[in-house]
Amino acid sequence: MLKTDLDPVPTPETLPYWEGLEQGKLRLCACRACDRCFFPPSNICPRCTSTDIEWRVASGQATLYSFVINAQADARWGIEGPMSVAMVKLEEGPMMLSTVINCPQTAEALRIDMDLRLIFRPYGDLPRVACFEPAGGRDA
Amino acid sequence: MRKAGYAIVGAAESTRIGKVPELSSMGLALDAAANALANAGLDAADVDGLTTGYMPPGNVAQLLGMTPAWADNTVVGGCSWMYQLRNAMAAIAAGYCETVLITYGESGRSHGFLPNVLDLGAPGSIEQQFDLMYCSGNRTALFAMPIARFMHETGLSEAQLASVPVAQRKWAAMNSRAKLREPTTVDDVLASRIIAWPIRRDMCCLVSDAGGAMVVTSAERANDFRAPPVYVVGTGSSMETGIMSPAGVEDPLRPGLIRRSAEQAFSSAGMTPDDIDHLMIYDAFAHNPIFGLEGLGFVGFGEGGAFIAEGNTEPGGRLPMNTNGGGLCYAHSGSYGMLCMQESIRQLRGEAEAQVDGVCTSLAHGWGGFWSACATVIFSNQRGG
Ligand SMILES: [Zn+2]
């Protein structure tokens, strides 16, 4: 089978993202030229190719664009049984891959366009990675 | 149809496919190359261009005993060999070479996927930092990401999704080289275990050993070879995101990369979907043919699932599709683009095991990575013009 080291390896361009998570912040790159956030982090705006980039802290508000329910979570998540993989649309505009937890991992509980909020959860040796839960709270 | 500039004058798969433990990936590529050269009536030394996927062209050249003037190792995922065909045509047009051998071999089942595939999730890459962690390394999940929303917006049902392998099993039943030939039902497919909901095991491609190779040259030389020529009448390609980074796709339900590759192919061929007799859409998972039918323009948005479930792509249907059984039922060695084109060529030569009557045009569409790259190739047994 394909093998990849699943522990994320930051690059100089993405390091502030990973450092932000350690501090409990989801940082996004924003282009000053077109005043838009983008993801994943980069030194170049993918919309206008500007190099005038700053970091902003995401509000944590998001909606669920789409998802699958993975039959088996990697042990580093410390989650037994199925675990969702979600395309999450951040309030600031960008889409990112994440997971929606703290609710049943079923097609009934995970509703397209449902409101989400940012939470942090350990993954392996990383103390905090960006995850989401229903904005109504646990088991909403 | 415009007059074609290039022709496939030799094509073959490896002698055996499926479970071939006696050959490495390289061995499968060389076996297919030898078969394709024999099909064309050529010696390796007659060929002055070479393409390989995931393998150093120099190693392939050395083992085949050839000294190519031009070589290419473009890798964009499963449709790499479609990209390589386009590159070969450009190299011929530029005068770098006259006759190109395109080679593929992958021992996906017996000896593992090709080594360079591992680099597609290389440390520090987009997907290794931001995607693979969330899917726990289960790549099926990444390719399947848009389906739930697609179901929500279009009404695609799980039963319609399950009808894709059911339809393709009917083609595979007629093909002695296909792995899965027993009839199956929607209920059977829906009873198979969940890999990443809504994708179940029977909606996932096989894991096989296979090779394929083809010889391409200018259409002016097409009749100088042993095999009946198959003309390349239109091609297109498009890239959008990292190899496994679906969150970066601009419109995941109507992926622009399919549409752009199709528009180029149809416009360069001077054709429309109505002109296509036979269709191959790379089916790594059951939803790929649905998204492909829509993106290529054969059906409208949200109509692909019903189109397949109603039998239009089955034996006797009005748009025969994936007639070898596809990656779901025939073989899938990790990168299926070459095998997709091989079935188009067999159908156009009248040599397929599940031969469709009166095929004059065939379109082969391939994915590279999961929503990363697309390529479309339109073939004909007529030169056109
Ligand atoms: Zn910008």
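Just so you know, these numbers come straight off a predicted model, no measurement behind them.

Chemist: Can you break down the overall build of chain B residue by residue, with the values?
Modeler: Of regular secondary structure, chain B possesses 13 helices and eleven strands. For a compact globule of 385 residues, the expected C-alpha radius of gyration is about 21 Å, and chain B comes in at 19 Å, within 12% of that figure. For the C-alpha atoms alone, the extent of chain B along its principal axes is close to 55 × 45 × 40 Å. For chain B, restricting intrachain contacts to residue pairs at least 6 apart in sequence, the fraction spanning at least 24 positions comes to 74%. Working note: accessible area of chain B is about 12,300 Å², and carbon and sulfur atoms make up 48% of it. Averaging the locations of the 25 positively and 37 negatively charged side chains of chain B gives two centres separated by 3 Å.

Chemist: I'd love a proper account of the confidence of the model for chain B, names of residues and values included.
Modeler: With 98% of its residues at a pLDDT of 70 or more, chain B shows a mean pLDDT of 95. Scored as a complex, the prediction yields pTM 0.96 and ipTM 0.94.

Chemist: So, the interface of chain B and chain A: which residues are in play, and what are the values?
Modeler: On the chain A side, the residues contacting the 37 residues of chain B number 44 residues. Between chain B and chain A lies a buried interface of about 3,300 Å² when both sides are counted; carbon and sulfur atoms form 67% of it. Seen at the junction of chain B and chain A, the total is one salt bridge. For D113 of chain A, the salt bridge goes to R149 of chain B, with nearest N and O atoms at 3.0 Å. In this assembly, chain B and chain A are joined by 15 residue pairs in polar contact (both at pLDDT 80 or more). Those elements that place two or more of their residues in the side of chain B that touches chain A are α4 (126-130), α5 (139-144), α6 (147-154) and β5 (194-197) of chain B. Counted by class, the side of chain B that touches chain A contains 25 nonpolar, eight polar and four charged residues.

Chemist: So what's going on with the packing of helix α9 (residues 256-269) of chain B against helix α10 (residues 287-296) of chain B? Residues and values would help.
Modeler: Residue and element names in this part refer to chain B. Between α9 and α10, the shortest axis-to-axis distance is 8 Å and the interhelical angle comes to 50°. Classified by the interaxial angle, the pair formed by α9 and α10 is oblique. When you trace α9 past α10, the crossing you get is right-handed. In this structure, α9 uses I258, R259, A262 and F266 to contact α10, whose residues at the interface are F291, G292, G295 and L296.

Chemist: Report on the sheet that holds strand β1 (residues 27-31) of chain A, specifying residues and quantitative values.
Modeler: Across a sheet, paired strands are connected by hydrogen bonds in the backbone, their directions being either parallel or antiparallel. Residues and elements named next belong to chain A. The strand order β2-β1-β3 describes an open sheet built from three strands, whose pairing is antiparallel. The open sheet has two free edges, formed respectively by β2 (36-38) and β3 (53-57), since each of these has just one partner strand. Here the average twist between neighbouring strands, direction ignored, is 45°. Contacting β1 and β3, helix α1 (residues 15-22) crosses the sheet at an angle of about 140° to β1.

Calculation criteria
Residues numbered from 1 in each chain as written. Chains lettered and ligands numbered in written order. Predicted model: local features only at pLDDT ≥ 70, side-chain atom pairs only at ≥ 80, totals over all residues. Heavy atoms only, no water. Helix = DSSP H or I, 4+ residues; strand = E, 2+ residues; numbered from the N terminus. Rg over C-alpha atoms; globule rule 2.2 N^0.38 Å. Contact = heavy atoms within 4.5 Å. Areas by Shrake-Rupley, 256 points an atom, 1.4 Å probe, with all protein chains shown as cover. Lys, Arg positive; Asp, Glu negative; His and termini not counted. Charge placed at Lys NZ, Arg CZ, Asp CG, Glu CD. pLDDT = per-residue confidence, 0-100. Buried area = accessible area lost by both parts, 1.4 Å probe. Salt bridge = Lys/Arg side-chain N within 4 Å of Asp/Glu carboxyl O. Polar contact = N/O pair within 3.5 Å; in protein donor to acceptor, adjacent residues only side chain to side chain. Nonpolar A, V, L, I, M, F, W, Y, C, P; charged D, E, K, R; others polar. Axes fitted to C-alpha atoms, helices over the stretch in contact; angles between N-to-C directions. Parallel < 35°, antiparallel > 145°, perpendicular 65-115°, else oblique. Left-handed = near helix turned anticlockwise from the far one by under 90°. Pairing = 2+ DSSP bridges.

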